[in-house]
Amino acid sequence: MDKIKKFFLPKPIILSNGKVVQPAMSPMVYVIPILLVMFFYSTSLTGFALGTLINRGSRFFDILVKMFPPNFGYFTKVWTPMVVTLVMSIVGTLAGAAFSIPAAYLSSENMVKSPLLKFIVRSIMSVLRTIPLLVLVILFLNMFGAGAFTGMISLGVFTFTIMTKMFYELIDTCDMGPFEAIESSGASRVKAFWTGIMPQLWGQYISILLYNFEMNIRNAAILGYVGAGGIGILLNDRLGWRAYPEVAMILLVLMLSVYLIESLSRYIRKRLL
Amino acid sequence: MIKFEGVVKTYPNGVQALKGVDLSIEQGEFVCIIGLSGAGKSTLLRSINQMHQITGGKLTVDDVDVSTLKGKELRRFRRNIGMVFQSFNLVKRTTVIKNVLAARVADMPLWKSLLGLYAKQDKIIALEALDQVGILEKAYSRADQLSGGQQQRVALARTVAQQPKIILADEPVASLDPVTSQQVMSDFVKINKTLNITVIANMHHVDIALKYANRIIGVKEGKIVFDGPSLKVTNDILKEIYGRELSDDDLMGA
């Protein structure tokens, strides 16, 4: 055992005055074997074979090739569903973001004194957060039927659960001084939160809101597949008909929209922080 | 009038911060509390506005037993007591005027405070408070662009805008340089005199306390060991409060 240990230990460093320093063993000694074992286990679990990648890799491009040239004339048909998708994401994100403020207040360590209330709110939020977006859509489809409204509500609830968690972590770590000062002047805790804590956090709040919005646009594009309205319906339909040049046009519009919104959001977030 | 009768404060962890304090302070006095860190100065101050609840004895402010106050009554009571802190406790990312206006939200309906709809009268009160501490021209600057002394003045203006009868100041100049400290203390004196507001300040620097206060209270291990006019504070008394002679390091050169 000692011999094995010695093999992995780095060589001692000898100083000019004769003192010897033994550097600590690198954690890579056990991290690398663990990673290797995990890698081989997961390739067999997921059925990955290098041979497939080499032999059939070109198949990946088969459909992409069929997409050229894109049917640019199809733009007139893509335009309206794309706007629906955008509106669905905007309204859904804003609604979820609005409700996340009171929920984050009730979940935060430093705002709520009652441990029971905090526990109940946090537990409900955790359970809600575990529901995948697609399942949310299917649940709301039963209530509101197919269409953009279902997509909006699903994105709203999804954003609400994520933003609540992100935001209460911000509240937990903010400067409590202004809150204490305003509370000592006789204001209620809610008022002290709103005037003492929120002004510190608006920038970060808008930033996580934009982050969620970016995510929601990409999500919204898929939601049409399960009947939630927007560009996803069109994409599903054209793929079904193998109308690849039209699919290409849909994807182009989608990519361009996502790119523009992400750039804008990145620009705004940079200015905020 | 503030009256302590055998006030005791024991923290949940068992530390006894106040061990039977008797004290009365008249309206309009300027009192400085001195003592070592951990002697109970902060607890004494914060028990007056019930930011810390006392656990024994009786504490009355204008004949109201403060330890019985709860919820709405407690908040209404606190409106008469302003507080200034060592670290200023301003919202640094917002404007000076908004920081001062924060003192007005206690009196506003909730929906108005949520929408930030301050009445014109409130804005005038806030601006006049800023004028009183001499930084009216900074009203629309962001708080984090101000120096430490200016920030403490904003905090003082916020307290004045609350129109309190009493101001509690917890180490108000401990994070300021000597010159700025003197200026801020002069503002306290001015507000004490012109508005007849009682000022009770915890002080770290003995010489500044002696210079500005009319009355000194010495606290040691949760008990009051000296209470009298600042002129009567001798070296022996300071030795008793601090447990040793004061060196130049303990003074600020006031």
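The rules behind the values
Residues numbered from 1 in each chain as written. Chains lettered and ligands numbered in written order. Predicted model: local features only at pLDDT ≥ 70, side-chain atom pairs only at ≥ 80, totals over all residues. Helix = DSSP H or I, 4+ residues; strand = E, 2+ residues; numbered from the N terminus. Rg over C-alpha atoms; globule rule 2.2 N^0.38 Å. Buried ≥ 20, exposed ≤ 12 C-beta atoms within 10 Å, placed from the backbone. Contact = placed C-beta atoms within 7 Å. Domains from an automatic or database assignment. Pairing = 2+ DSSP bridges. Axes fitted to C-alpha atoms, helices over the stretch in contact; angles between N-to-C directions. Expected span 1.5 Å × (residues − 1). Bend = angle between axes of the 7 residues up to and from the residue. Core = buried A, V, L, I, M, F, W, Y, C linked by C-beta atoms within 7 Å. pLDDT = per-residue confidence, 0-100. Parallel < 35°, antiparallel > 145°, perpendicular 65-115°, else oblique. Left-handed = near helix turned anticlockwise from the far one by under 90°. Nonpolar A, V, L, I, M, F, W, Y, C, P; charged D, E, K, R; others polar.

**Structural notes on the overall build of chain B**
Link 1 in the chain: Counting secondary structure elements, chain B contains nine helices and ten strands.
Link 2 in the chain: Computed over its C-alpha atoms, the radius of gyration of chain B comes to 18 Å, within 12% of the 18 Å expected for a compact globule of 254 residues.
Link 3 in the chain: The principal-axis extents of the C-alpha atoms in chain B amount to approximately 55 × 40 × 35 Å.
Link 4 in the chain: In chain B, buried positions account for 44% of the 254 residues.
Link 5 in the chain: Here the contacts in chain B between residues at least 6 apart in sequence split such that 68% fall between residues at least 24 apart.

**Description of the domain arrangement of chain A**
Interfaces are frequently sized by the accessible area removed from exposure as the parts join.
Link 1 in the chain: Per the domain assignment, the segments making up chain A are domain 1 (2–48) and domain 2 (72–272).
Link 2 in the chain: Just the C-alpha atoms count here: the centres of domain 1 of chain A and domain 2 of chain A sit 44 Å apart.

**Some details on the environment of A:Trp202**
Residues and elements named next belong to chain A.
Link 1 in the chain: Among the secondary structure elements, Trp-202 is positioned in helix H10 (residues 189–223).
Link 2 in the chain: Taking the number of C-beta atoms within 10 Å as the measure of exposure, Trp-202 has 12 and is therefore exposed.
Link 3 in the chain: On a C-alpha basis, the gap between Trp-202 and Pro-27 in space is 41 Å, while along the polypeptide they are 175 residues apart.

**A word on the sheet that holds strand S6 (residues 81–85) of chain B**
Residue and element names in this part refer to chain B.
Link 1 in the chain: In space, the six strands of this open sheet follow the order S6-S7-S8-S3-S9-S10, with mixed pairing throughout. Edge positions in the sheet fall to S6 and strand S10 (223–229), since each of these pairs with one other strand and no more. Looking at each pair of strands side by side, their axes are set apart by 15° on average, direction ignored.
Link 2 in the chain: In this structure, strand S3 (residues 30–34) lies alongside strand S9 (residues 215–220), joined through four bridges in parallel fashion. The residue of S9 that forms the bridge with Ile-34 is Gly-218.
Link 3 in the chain: Across the sheet, helix H6 (residues 148–161) touches S6 and strand S7 (166–170), and the angle it forms with S6 is around 170°.

**Some points on the environment of A:Gly227**
All names here are of chain A.
Link 1 in the chain: Within the secondary structure, Gly-227 is located in the loop between H10 and helix H11 (231–240).
Link 2 in the chain: By the C-beta count within 10 Å, which is 17 here, Gly-227 ends up partly exposed.
Link 3 in the chain: A C-alpha to C-alpha distance of 8.4 Å links Gly-227 and Thr-150, two positions 77 residues apart in sequence.

**A short note on H10(A)**
Link 1 in the chain: Taking 1.5 Å of rise per residue, the 35 residues of H10(A) would be expected to cover 51 Å, yet its terminal C-alpha atoms sit only 40 Å apart, more than 12% below that figure.
Link 2 in the chain: Considering bend angle alone, the principal kink of H10(A) is centred on A:Met198 and spans about 60°; proline A:Pro199 follows within four residues of it.

**Quick look at the nonpolar core**
Link 1 in the chain: Counting 130 residues, the largest nonpolar core has B:Ile33 and B:Val100 as its most contacted members.
Link 2 in the chain: Sort the elements by how many residues they give to this core and H10(A) lands first, with 13 residues.

**Notes on the pairing of S7(B)**
Residues and elements named next belong to chain B.
Link 1 in the chain: In terms of burial, S7 is a largely internal element, five of the five residues being buried.
Link 2 in the chain: Burial along S7 is two-sided: the residues Ile-166, Leu-168 and Asp-170 and Ile-167 and Ala-169 are all buried.
Link 3 in the chain: Across five bridges, S6 lies against S7 in parallel orientation. The residue bridging Met-83 from the neighbouring strand is Leu-168, located in S7.
Link 4 in the chain: Alignment of S7 against strand S8 (residues 198–202), held across five bridges, turns out to be parallel. Within the sheet, the bridge partner assigned to Ile-166 lies in S8 and is Thr-198.

**Observations regarding the confidence of the model for chain B**
Link 1 in the chain: Here chain B shows a mean pLDDT of 90. Residues at 70 or above account for 97%.
Link 2 in the chain: Predicted complex, confidence summary: ipTM 0.89, pTM 0.83.

**Points about the packing of helix H5 (residues 75–107) of chain A against helix H12 (residues 244–272) of chain A**
All names here are of chain A.
Link 1 in the chain: Where H5 contacts H12, the axes come no closer than 10 Å and their chain directions differ by 40°. It follows that H5 is oblique to H12 by the angle criterion. By crossing handedness, the relation of H5 to H12 is classed as right-handed. Contacts from Phe-75, Val-78, Met-82 and Leu-86 in H5 reach Met-249, Ile-250, Val-253 and Ser-257 in H12.
Link 2 in the chain: When the residues that make up the contact of H5 with H12 are grouped by side-chain class, the tally is seven nonpolar, one polar and no charged.

**Considerations on unusual backbone geometry**
Link 1 in the chain: Following A:Phe68, the chain continues to A:Pro69 via a peptide bond in cis, the omega torsion being -10°.
Link 2 in the chain: Its location among the elements puts A:Pro69 in the loop between helix H4 (60–66) and H5.
Link 3 in the chain: One non-glycine residue with positive phi stands out, namely B:Glu171, at about 50°.
Link 4 in the chain: With respect to the helices, strands and loops of the structure, B:Glu171 is situated in the loop between S7 and helix H7 (178–195).
Link 5 in the chain: Its identity as a non-glycine residue notwithstanding, B:Asn196 has a phi of 55°, on the positive side.
Link 6 in the chain: By the element assignment, B:Asn196 lies in the loop between H7 and S8.
Link 7 in the chain: In this structure B:Asn196 comes out as exposed when scored by C-beta crowding, with 10 C-beta atoms within 10 Å.

**Looking at the pairing of strand S2 (residues 16–25) of chain B**
All names here are of chain B.
Link 1 in the chain: The pairing of strand S1 (residues 2–10) with S2 spans seven bridges and is antiparallel. In the strand pairing of S2, Phe-4 is matched with Leu-23.
Link 2 in the chain: Counted along the chain from S1 to the antiparallel partner S2, the turn is five residues long, and its residue Gly-14 has a positive phi close to 95°.

**Quick word on H6(B)**
Residues spaced three or four apart along an α-helix point in a common direction, a consequence of the helix completing one turn every 3.6 residues.
All names here are of chain B.
Link 1 in the chain: Its 14 residues place the ends of H6 20 Å apart at the C-alpha level, agreeing with the 20 Å of an ideal helix rising 1.5 Å per residue.
Link 2 in the chain: Extensive coverage of H6 is indicated by the burial of twelve of its 14 residues.
Link 3 in the chain: Among the residues of H6, Gln-150, Gln-151, Gln-152, Arg-153, Val-154, Ala-155, Leu-156, Ala-157, Arg-158, Thr-159, Val-160 and Ala-161 are the ones counted as buried.
Link 4 in the chain: Tucked into the core, H6 has its buried residues touching S6, helix H3 (96–101), helix H5 (120–132), S7 and H7.
Link 5 in the chain: Gln-163 sits one or two residues past H6 and shows a positive phi near 50°.

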